[in-house]
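Structural characterization, general
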Amino acid sequence: IKVGIQYYADCVREAGCESPQDMEKLKLSWQGYNYGNGYISWALEKFGGYSEANALQFSQKQAAAHGWIRSMYPMCFDIIPAGDCLPDFLERGSL
(Lines give C-alpha, C1' and ligand atoms only; values in the text may rest on other atoms or scores of the structure.)
Protein backbone atom coordinates (compact mmCIF):
# COMPACT_ATOMS: atom_id res chain seq x y z
CA ILE A 1 0.00 0.00 0.00
CA LYS A 2 2.82 2.38 0.90
CA VAL A 3 4.42 1.93 -2.53
CA GLY A 4 1.08 2.50 -4.28
CA ILE A 5 0.50 5.69 -2.33
CA GLN A 6 3.99 6.93 -3.18
CA TYR A 7 3.46 6.07 -6.84
CA TYR A 8 0.16 7.96 -6.93
CA ALA A 9 1.81 10.93 -5.17
CA ASP A 10 4.42 10.92 -7.97
CA CYS A 11 1.61 10.94 -10.55
CA VAL A 12 -0.08 13.89 -8.79
CA ARG A 13 3.20 15.82 -8.84
CA GLU A 14 3.94 14.97 -12.48
CA ALA A 15 0.44 16.10 -13.45
CA GLY A 16 1.13 19.44 -11.76
CA CYS A 17 -1.77 19.15 -9.34
CA GLU A 18 -1.53 21.59 -6.47
CA SER A 19 -5.05 21.47 -5.04
CA PRO A 20 -7.71 18.83 -4.30
CA GLN A 21 -10.10 21.03 -6.30
CA ASP A 22 -7.99 20.88 -9.49
CA MET A 23 -10.16 18.23 -11.14
CA GLU A 24 -8.47 18.40 -14.55
CA LYS A 25 -5.04 17.63 -13.12
CA LEU A 26 -6.49 15.01 -10.76
CA LYS A 27 -8.09 13.27 -13.74
CA LEU A 28 -4.72 13.31 -15.48
CA SER A 29 -2.97 11.92 -12.41
CA TRP A 30 -5.56 9.18 -11.89
CA GLN A 31 -5.37 8.06 -15.52
CA GLY A 32 -1.57 8.16 -15.26
CA TYR A 33 -1.77 5.96 -12.18
CA ASN A 34 -3.90 3.46 -14.11
CA TYR A 35 -1.84 3.53 -17.31
CA GLY A 36 1.61 4.22 -15.94
CA ASN A 37 2.94 7.73 -15.64
CA GLY A 38 4.19 7.65 -19.26
CA TYR A 39 0.62 8.63 -20.07
CA ILE A 40 0.94 11.86 -18.09
CA SER A 41 3.89 13.29 -20.03
CA TRP A 42 2.40 12.06 -23.32
CA ALA A 43 -1.01 13.64 -22.62
CA LEU A 44 0.54 16.92 -21.47
CA GLU A 45 2.83 17.15 -24.49
CA LYS A 46 0.27 16.18 -27.12
CA PHE A 47 -3.00 17.52 -25.67
CA GLY A 48 -2.26 19.67 -22.64
CA GLY A 49 -3.92 17.20 -20.26
CA TYR A 50 -6.43 14.41 -19.80
CA SER A 51 -9.42 13.63 -21.97
CA GLU A 52 -11.35 10.43 -22.40
CA ALA A 53 -10.50 10.53 -26.11
CA ASN A 54 -6.74 10.82 -25.61
CA ALA A 55 -6.80 8.12 -22.90
CA LEU A 56 -8.41 5.79 -25.42
CA GLN A 57 -5.87 6.84 -28.06
CA PHE A 58 -2.99 6.11 -25.67
CA SER A 59 -4.50 2.73 -24.84
CA GLN A 60 -4.80 1.82 -28.53
CA LYS A 61 -1.28 3.10 -29.23
CA GLN A 62 0.18 0.95 -26.45
CA ALA A 63 -1.76 -2.12 -27.60
CA ALA A 64 -0.49 -1.69 -31.17
CA ALA A 65 3.10 -1.01 -30.05
CA HIS A 66 3.20 -4.22 -28.04
CA GLY A 67 1.28 -6.40 -30.49
CA TRP A 68 -1.60 -6.94 -28.10
CA ILE A 69 -4.95 -7.95 -29.55
CA ARG A 70 -6.73 -6.19 -26.73
CA SER A 71 -5.33 -3.34 -24.72
CA MET A 72 -4.23 -4.10 -21.19
CA TYR A 73 -4.75 -0.42 -20.42
CA PRO A 74 -8.39 -0.30 -19.27
CA MET A 75 -9.97 3.03 -18.59
CA CYS A 76 -10.59 3.05 -14.84
CA PHE A 77 -10.78 -0.70 -14.51
CA ASP A 78 -12.55 -1.07 -17.90
CA ILE A 79 -15.80 0.36 -16.57
CA ILE A 80 -15.81 4.16 -16.82
CA PRO A 81 -13.33 6.90 -17.77
CA ALA A 82 -10.81 7.80 -15.09
CA GLY A 83 -12.15 11.29 -14.56
CA ASP A 84 -15.56 9.90 -13.71
CA CYS A 85 -14.06 7.86 -10.84
CA LEU A 86 -12.72 10.87 -8.98
CA PRO A 87 -15.90 12.44 -7.60
CA ASP A 88 -16.75 9.26 -5.68
CA PHE A 89 -13.29 9.17 -4.11
CA LEU A 90 -13.38 12.87 -3.28
CA GLU A 91 -16.82 12.65 -1.68
CA ARG A 92 -15.57 9.87 0.60
CA GLY A 93 -12.34 11.77 1.28
CA SER A 94 -10.25 8.87 -0.03
CA LEU A 95 -7.67 10.93 -1.91
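Whatever comes next refers back to the structure up there.
An account of the accompanying structure is given in this report. Just so it is clear, the structure is predicted and the values come from calculations on it, not from any experiment.

**Structural notes on the overall build of the protein**
- Of the regular secondary structure elements, the protein holds 6 helices and 0 strands.
- Secondary structure of the protein in N-to-C order comes out as α-α-α-α-α-α.
- Per-residue burial for the protein yields a buried fraction of 34% across its 95 residues.
- Relative to all contacts within the protein whose residues are 6 or more apart in sequence, the contacts with residues 24 or more apart total 41%.

**Focus: the packing of aromatic side chains**
- Tallying each qualifying case throughout the model produces 10 aromatic pairs.
- Consider the rings of W42 and F58, whose centres lie 5.2 Å apart with planes at 55°: the pair is tilted. Note that W42 is positioned in helix α3 (residues 38-47) and F58 in helix α4 (residues 52-65), a separation of 16 residues in sequence. We note that W42, like F58, is buried.

**Considering α3**
- Every buried residue of α3 is listed here: Y39, I40, W42 and A43.
- Considering only its buried residues, α3 is in contact with α1 (2-15), α2 (23-35) and α4.
- Positive phi shows up at G48, right after α3, with a value of about 80°.

Reading the values: the criteria
Starting afresh in each chain, residues are numbered from 1 along the sequence in its written order. The predicted origin of the model limits local features to residues at a pLDDT of at least 70 and limits the giving and counting of side-chain atom pairs to 80 or more, whereas totals for whole chains, interfaces and linings rest on all residues. Just so you know, side-chain values use all the structure's heavy atoms and leave hydrogens and water out. Each helix corresponds to a stretch of at least 4 residues labelled H or I by DSSP, and each strand to a stretch of at least 2 residues labelled E; elements are numbered beginning at the N terminus. We call a residue buried when its accessible area falls under 20% of the maximum for its residue type, exposed when it is over 50%, and partly exposed in between, using a 1.4 Å probe and counting protein chains only. The criterion used for residue contact is that any of the two residues' heavy atoms lie within 4.5 Å. Only the six-membered ring of Trp is used, alongside the rings of Phe and Tyr, when aromatic pairs are assigned; centres must lie within 6.5 Å, and planes under 30 degrees apart are stacked while those over 60 apart are edge-to-face, with the rest tilted.

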